[in-house]
Amino acid sequence: DMGLGPKKARGGKGKKGDRLVPYGKLRNIYFHCEKLLESLMKDALAKLYFNVPVDPIALGIPHYTQIITEPMDLGTLKRRLENEYYDDVPQFHADLNLIWDNATHFNPPGTDVHESAKVLKESTDKRIKKLP
């Protein structure tokens, strides 16, 4: 199970060296996650919709925050990774999935955002599975 539900509280139960950080046991996987995010953020669809937080006022969707209670975007994910927020890949993957799940939940099927999120979820799921 890749932990599909969002993590409410940060784990922090792992020993210092066993967390998703750029040193210690998981450093190799950390750099893979970093590369995955970097290439993802260069994707045309990601640039359009997912690199920065949704701005409900600018986008004219003030009700967004009532429907999406845990917003997430790739920029926030990148900052969290760099700030050593994640204990493991499933936590990182859960936040990544939160982006796609929020987008498909809020935007109806057939809309650009919904369909883009589905495409990106499929490709990122495959890439996460291939992590060493």
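Structure shown above.
In this text, all values refer to a predicted model and were calculated from it rather than measured experimentally.

### What to know about the packing of aromatic side chains
Two descriptors summarise a pair of aromatic rings, namely the distance from one centre to the other and the angle between the planes of the rings.
(1) Moving on: A full pass over the atoms with the stated rule returns six aromatic pairs.
(2) Moving on: With 4.8 Å between their ring centres and 70° between their planes, Tyr64 and Phe106 make a pair best called edge-to-face. Of this pair, Tyr64 sits in helix α3 (residues 64–67) while Phe106 sits in helix α5 (residues 89–106), and the two are 42 residues apart along the sequence. Like Tyr64, the residue Phe106 is buried in the burial classification.
(3) Moving on: Taking the ring centre of Tyr85 as reference, the NZ or CZ of Arg80 above it sits at 4.2 Å.

### With respect to the environment of Leu36
(1) Moving on: Following the sequence through the fold, Leu36 ends up in helix α1 (residues 27–42).
(2) Moving on: On the accessibility criterion, Leu36 (3% relative accessible area) is buried.
(3) Moving on: Distance in space between the C-alpha atoms of Leu36 and Ile128 is 8.5 Å, their sequence separation being 92 residues.
(4) Moving on: In this structure, Leu36 is in contact with Leu96, Thr124, Arg127 and Ile128, ignoring residues within four places of it in sequence.

### A few points about the environment of Asp18
(1) Moving on: Looking at the secondary structure, you find Asp18 in the segment before α1.
(2) Moving on: Owing to a relative accessible area of 25%, Asp18 belongs among the partly exposed residues under this scheme.
(3) Moving on: In the structure, Asp18 is positioned 69 residues away from Asp87 in sequence and 7.4 Å away in space, judged by C-alpha atoms.
(4) Moving on: Apart from residues lying up to four places away in sequence, Asp18 is in contact with Lys25, Leu26 and Asp87.

### Here we look at the nonpolar core
Buried together is how nonpolar side chains tend to be arranged in soluble globular proteins.
(1) Moving on: Formed by 27 residues in total, the largest nonpolar core has its most connected members in Leu20, Phe50, Leu74, Phe92, Leu96 and Trp100.
(2) Moving on: Not counting the four nearest positions on each side in its chain, Leu20 is found in contact with Leu26, Ile29, Tyr30, Cys33, Leu81, Tyr86, Asp87, Asp88, Val89 and Phe92.

### A few points about the pattern of salt bridges
(1) Moving on: This structure, assessed with the given rule, holds seven salt bridges.
(2) Moving on: Taking the shortest distance from any N to any O, the salt bridge between Lys121 and Asp125 comes out at 3.1 Å. One end of the pair, Lys121, and the other, Asp125, are both in helix α6 (residues 112–129), four residues apart, so they sit about a helical turn from each other.
(3) Moving on: When its relative accessible area of 18% is taken as the criterion, Asp125 is described as buried.

### Topic: the side chain of His93
(1) Moving on: Considering the arrangement of structural elements, one finds His93 in helix α5.
(2) Moving on: A distance of 2.8 Å separates polar atoms of two side chains, one belonging to His93 and the other to Asp125.

Calculation criteria
- Residues numbered from 1 in each chain as written.
- Predicted model: local features only at pLDDT ≥ 70, side-chain atom pairs only at ≥ 80, totals over all residues.
- Heavy atoms only, no water.
- Phe/Tyr/Trp six-rings, centres within 6.5 Å; stacked < 30°, edge-to-face > 60°.
- Helix = DSSP H or I, 4+ residues; strand = E, 2+ residues; numbered from the N terminus.
- Buried < 20%, exposed > 50% of the residue type's maximum accessible area, 1.4 Å probe, protein only.
- Lys NZ or Arg CZ within 6 Å of the ring centre and 35° of its normal.
- Contact = heavy atoms within 4.5 Å.
- Core = buried A, V, L, I, M, F, W, Y, C linked by side-chain atoms within 4.5 Å.
- Salt bridge = Lys/Arg side-chain N within 4 Å of Asp/Glu carboxyl O.
- Polar contact = N/O pair within 3.5 Å; in protein donor to acceptor, adjacent residues only side chain to side chain.

What is shown is where atoms sit, not what they do.
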